[in-house]
Amino acid sequence: MNWLRNFMAGRYGADQLNLALLVAAFLLSILLGLIPVPFLGLLAYVPLFWGIYRMLSRNLLKRSEENQKFLFFWNKLKGWFQRKKNRINDQKYYRFYRCPGCKQTLRLPKGRGKIRITCPKCGRVFEKKT
Ligand SMILES: [Zn+2]
């Protein structure tokens, strides 16, 4: 394995973006395999070769910048999904209302009957059935 170590010396190697590219290549090759269009499956090689190119690259700074951008985007995406999931869980126990004054979304526990709500943002008082 000495030649491999020598070969990889000074090269960028693996990071999260490369892993994502490999996964994307894998998923694309499956998905595109379902579509009966000739050569369409070759598209799956795009993320694969990009990943290999990045792995062998000697421009470490540029590659790590790309990875940082990817992680930033990825965390945003993860946060968005997490919020959606929380919201769906919340709907079992809470109802969501929009304040008629400032349009702020308010979360109220379900099954309390008619209650008087004070908006924490603008202070407007209104009544709702929960
Ligand atoms: Zn309000």
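Details of the coordination of the zinc ion
Here's step 1: Within the protein, the atoms that donate to the zinc ion are C99 (SG), C102 (SG), C119 (SG) and C122 (SG), at distances of 2.2 to 2.3 Å.
Here's step 2: Given 4 donor atoms and angles of 106 to 111° at the metal, the environment of the zinc ion is assigned as tetrahedral.
Here's step 3: Read N to C, the donor residues that coordinate the zinc ion are spaced as C-x2-C-x16-C-x2-C. You can see C99 sitting in the loop between β1 (94-98) and β2 (105-109) and its partner C122 sitting in the loop between β3 (114-118) and β4 (125-129), a full 23 residues away along the chain.
Here's step 4: C99 gets classed as buried once you look at its relative accessible area, which sits at 1%.

Here's the deal with the domain arrangement of the chain
Here's step 1: Taken domain by domain, the chain comprises domain 1 (2-90) and domain 2 (94-129).
Here's step 2: Each of domain 1 and domain 2 was reduced to a C-alpha centroid, and the two centroids are 44 Å apart.

Quick word on a positive patch on the surface
Here's step 1: Taken together, the side chains of R83, K84, R87, R98, K103 and R124 present a region of like positive charge at the surface.
Here's step 2: Looking at which element gives the most residues to the positive patch, the answer is helix α4 (residues 60-90), with 3 residues.
Here's step 3: For R98, the location among the structural elements is in strand β1.
Here's step 4: We classify R98 as exposed; its relative accessible area is 56%.

Side note on the packing of aromatic side chains
Here's step 1: Under the criterion given, the structure shown has 3 aromatic pairs.
Here's step 2: Taking 5.9 Å as the distance between ring centres and 25° as the angle between the ring planes, the aromatic pair formed by Y45 and F49 counts as stacked. Of this pair, Y45 and F49 both sit in helix α3 (residues 45-56), 4 residues apart, which is roughly one turn of the helix.
Here's step 3: Judged by relative accessible area, which is 40%, Y45 ranks as partly exposed.
Here's step 4: Seen in terms of ring centroids, F70 and W74 are 6.0 Å apart; in terms of plane orientation they differ by 25°. Their pairing is stacked. Of the two residues, F70 and W74 are both situated in helix α4; the distance of 4 residues between them amounts to about one turn of the helix.

With respect to the nonpolar core
Here's step 1: Counting 7 residues, the largest nonpolar core is built from Y97, C99, L106, L108, I117, C119 and F126.
Here's step 2: If sequence neighbours within four positions are ignored, L106 has contacts with R95, F96, Y97, C99, I117, C119, P120 and F126.

Some remarks on the pattern of salt bridges
Here's step 1: This structure, assessed with the given rule, holds 6 salt bridges.
Here's step 2: Here R54 ties to D15 by a salt bridge, and the two come within 3.1 Å at their closest N and O atoms. Remark: D15 occurs in the loop between α1 (2-8) and α2 (16-33) and R54 occurs in helix α3; sequence separation between them is 39 residues. Each member of the pair, R54 as well as D15, is classed as buried.
Here's step 3: For the salt bridge of R54 with E66, the shortest nitrogen-to-oxygen distance reads 2.6 Å. In this pair, R54 sits in helix α3 while E66 sits in helix α4, placing the two residues 12 residues apart along the sequence. Considered together, R54 and E66 belong to a single accessibility category, that of buried residues.

Re the packing of α2 against α3
Here's step 1: Across the interface, α2 lies against α3 with an axial gap of 8 Å and an inter-helix angle of 160°. With respect to α3, the axis of α2 lies roughly antiparallel. Here α2 runs over α3; the crossing is left-handed. Seen from α2, the contacting residues are L17, N18, L21, L22, A24, A25 and L28; seen from α3, they are P47, L48, W50, G51, R54 and M55.
Here's step 2: Along the lines of polarity and charge, the residues of the contact of α2 with α3 split into 10 nonpolar, 2 polar and 1 charged.

Analysis parameters
Residue numbers run consecutively from 1 along every chain, following the written order of its sequence. In keeping with the model being predicted, local features are shown solely for residues with a pLDDT of at least 70 and side-chain atom pairs are shown and tallied solely at 80 or more, while totals for entire chains, interfaces and linings include all residues. Hydrogen atoms and water are omitted, and side-chain values are computed over all heavy atoms in the structure. Donors, by definition, are the N, O and S atoms found within 2.8 Å of a metal, the threshold being 3.2 Å for Na, K and Ca, and water is not counted, so a site can look incomplete. In short, tetrahedral needs four donors with all angles between 85 and 135 degrees, square planar needs four and octahedral six donors with opposite donors over 155 degrees apart and all other angles between 65 and 115, and whatever is left is irregular. Where helices and strands are cited, they refer to DSSP runs of H or I of at least four residues and of E of at least two residues respectively, numbered from the N terminus. A simple rule labels every residue: compare its accessible area, found with a 1.4 Å probe on the protein chains alone, to the largest value its type can have, and call it buried under 20%, exposed over 50%, or partly exposed in between. Residue ranges assigned to the domains are those given by an automatic or database domain assignment. Two joining distances apply to patches: 9 Å for like charges and 5 Å for nonpolar side chains (Val, Leu, Ile, Met, Phe, Trp, Tyr), and every residue must have over 30% relative accessible area and no salt bridge. Here the Shrake-Rupley method, with its probe set to 1.4 Å, supplies the accessible areas, and only the displayed protein chains count as covering residues. Any carboxyl oxygen of Asp or Glu within 4 Å of a side-chain nitrogen of Lys or Arg constitutes a salt bridge here. The convention is simple: Lys and Arg are positive, Asp and Glu are negative, and His and the chain ends are not counted. In this description, the location of a charge corresponds to atom NZ of lysine, CZ of arginine, CG of aspartate or CD of glutamate. The criterion for an aromatic pair is that two Phe, Tyr or Trp rings (for Trp, the six-membered ring) have centres within 6.5 Å, with stacked assigned to planes under 30 degrees apart, edge-to-face to planes over 60 apart and tilted to the rest. Take the buried Ala, Val, Leu, Ile, Met, Phe, Trp, Tyr and Cys residues and link them wherever side-chain atoms come within 4.5 Å; each set so joined is a nonpolar core. Here a residue-residue contact requires only that any non-hydrogen atoms of the pair lie within 4.5 Å. Note on definitions: angles span 0 to 180 degrees between N-to-C directions of axes, and those axes are lines fitted to C-alpha atoms, for helices only across the stretch in contact. Reported orientations rely on four angle classes, namely roughly parallel under 35 degrees, roughly antiparallel over 145, roughly perpendicular from 65 to 115, and oblique for the rest. It is the rotation of the near helix from the far one that decides the hand of a crossing: anticlockwise by less than a right angle makes it left-handed, clockwise makes it right-handed. Classification convention: Asp, Glu, Lys, Arg as charged; Ala, Val, Leu, Ile, Met, Phe, Trp, Tyr, Cys, Pro as nonpolar; all other residues, Gly among them, as polar.

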